[in-house]
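Report on the structure
Okay, here's what each chain looks like letter by letter:
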Amino acid sequence: MLTLEEYVENHTTKEDEVLVWLRRKTNLTTTMPRQLSGQVQGKLLEFFSRMIAPENILEIGTFTGYSAYCLSKGLKPGGKLHTIEIKDELEDHLKDFFSRAGISDKVVLHIGDGAEIVKEFGFKFDMAFIDGDKRQYPLYYENVFDKINVGGYILIDNVLWYDKVVSQVKENDTYTKGIMALNDIVENDKRVENVLLPLRDGIMVVRKISD
Ligand SMILES: C[S@@+](CC[C@H](N)C(=O)[O-])C[C@H]1O[C@@H](n2cnc3c(N)ncnc32)[C@H](O)[C@@H]1O
């Protein structure tokens, strides 16, 4: 008997050879490989990007580059993905991967704290994907919001946090608290419309309707 997750994977377009290679490398060389988006979410991110056809995309939390690769596929010709990763030990791998994947000209890698680096951009983005430290989600949202064009989209990953958002939250569980705070902030934000997609670990899709 298949699990629902396996059934969904069986009925979603398979990873290309670049992503198969990346998944394998991530499994072999990192301690928490399941952090990467994976086949189904990766394809959804690619589709969102293709539908929006953004001039530029902002990402917080690159990890090994899986979501960056998927998102980059929908960029307008000449468009750029700015992706921010705090762990400098991933830099060599990421540069190598973007080159191997043939997307070095489309991707600008920033090493540092996304919450801070975001404030430095002197232009706005059509799309953002937030997937960094869950405790910082409210801060990322606040800083990213200012950098998104009206009509643009913000996607935020792991907003169901293994279903912990609907359980009794432990006093010291700052991760679940960060995510729940973000979900409430978005839901009460009159400047946006939003839909919480219960795909994988939950993706909050936010459309900015005013500054
Ligand atoms: C869940 S992983 C990202 C997975 C990736 N987006 C994907 O789908 O393949 C989260 C990443 O965010 C990074 N990170 C954590 N805090 C960050 C911050 N403040 N700024 C930028 N990156 C951060 C972590 O080092 C980790 O690599």
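How each quantity is defined
- Residues numbered from 1 in each chain as written.
- Predicted model: local features only at pLDDT ≥ 70, side-chain atom pairs only at ≥ 80, totals over all residues.
- Helix = DSSP H or I, 4+ residues; strand = E, 2+ residues; numbered from the N terminus.
- Rg over C-alpha atoms; globule rule 2.2 N^0.38 Å.
- Contact = placed C-beta atoms within 7 Å.
- Near = placed C-beta within 6 Å.
- Nonpolar A, V, L, I, M, F, W, Y, C, P; charged D, E, K, R; others polar.
- Buried ≥ 20, exposed ≤ 12 C-beta atoms within 10 Å, placed from the backbone.
- Pairing = 2+ DSSP bridges.
- Axes fitted to C-alpha atoms, helices over the stretch in contact; angles between N-to-C directions.
- Arc of directions from axis to C-beta.
- Core = buried A, V, L, I, M, F, W, Y, C linked by C-beta atoms within 7 Å.
- pLDDT = per-residue confidence, 0-100.

Across its full length, the protein holds eight helices and seven strands. In terms of overall dimensions, the protein is globule-like: its C-alpha atoms have a radius of gyration of 16 Å, near the 17 Å expected for 211 residues. Seen through its C-alpha atoms, the protein measures out along the principal axes to roughly 50 × 40 × 30 Å. The long-range share in the protein, meaning contacts at least 24 apart out of those at least 6 apart in sequence, stands at 66%.

Here the focus is the site of the ligand. The environment of the ligand is formed by 19 residues, the closest being Ser37, Gly61, Tyr66, Ser67 and Gly114. Contributing elements (two or more residues each) for the shell around the ligand: helix H4 (66-72), strand E2 (80-85) and helix H6 (114-117). In terms of residue class, the shell around the ligand is made up of seven nonpolar, seven polar and five charged.

Burial analysis of strand E4 (residues 125-130) places six of its six residues in the buried class, the great majority of the element. As judged from the four bridges shared by strand E1 (residues 56-60) and E4, these two strands associate in the parallel manner. Of the residues in E4, the one forming a bridge with leucine 58 is alanine 128. Bridge count for E4 against strand E5 (residues 148-157) is five bridges, and the pairing is parallel. Following the sheet pairing, phenylalanine 129 is matched in E5 by leucine 155.

Across the interface, helix H7 (residues 137-145) lies against helix H8 (residues 174-187) with an axial gap of 8 Å and an inter-helix angle of 35°. Touching Tyr137, Pro138 and Tyr141 of H7 are Gly178, Ile179, Ala181, Leu182, Ile185 and Val186, all from H8.

Before going further, it helps to examine the environment of glutamine 39. Assignment of secondary structure puts glutamine 39 in helix H3 (residues 38-52). As for glutamine 39 and serine 67, which are separated by 28 residues in sequence, their C-alpha atoms are 9.9 Å apart. Every residue in contact with glutamine 39, bar those within four places of it in the chain, is listed here: Glu9, Thr12, Lys14 and Glu15.

Relative to the elements of secondary structure, lysine 170 occurs in the loop between E5 and H8. You can call lysine 170 exposed: it has 10 C-beta atoms within 10 Å. Measuring from C-alpha to C-alpha, the distance between lysine 170 and serine 72 comes to 38 Å, with 98 residues separating the pair along the chain.

Okay, the environment of valine 118 next. For valine 118, the position within the fold is in the loop between H6 and E4. By C-beta crowding, valine 118 is classed as buried, having 24 other C-beta atoms within 10 Å. Linking valine 118 and proline 138, residues 20 residues apart in sequence, is a C-alpha distance of 14 Å. Those residues in contact with valine 118 that lie beyond four places of it in its chain are Leu58, Asn143, Val144 and Lys147.

Those residues of H7 that fall on the buried side of the exposure criterion are Tyr137, Tyr140, Tyr141, Val144 and Phe145. Down the axis of H7, the buried set is contained in an arc of 120°. They therefore lie on one face. Elements in contact with the buried residues of H7: E1, H6, E4, E5, H8 and strand E7 (203-208).

Another point: the nonpolar core. Counting residues in hydrophobic clusters, the biggest one holds 46 residues, and the most contacted among them are Ile57, Ala128, Ile130, Tyr141, Val144, Ile154 and Ile156. Discounting residues that sit within four places of it in the chain, alanine 128 has contacts with Ile57, Leu58, Val144, Ile148 and Ile154.

Moving on: the confidence of the model for the protein. With 100% of its residues at a pLDDT of at least 70, the protein reaches an overall mean of 98. Here helix H1 (residues 4-10) stands out as the least confident element of the protein, with mean pLDDT 96; E1 is the most confident, with 99.

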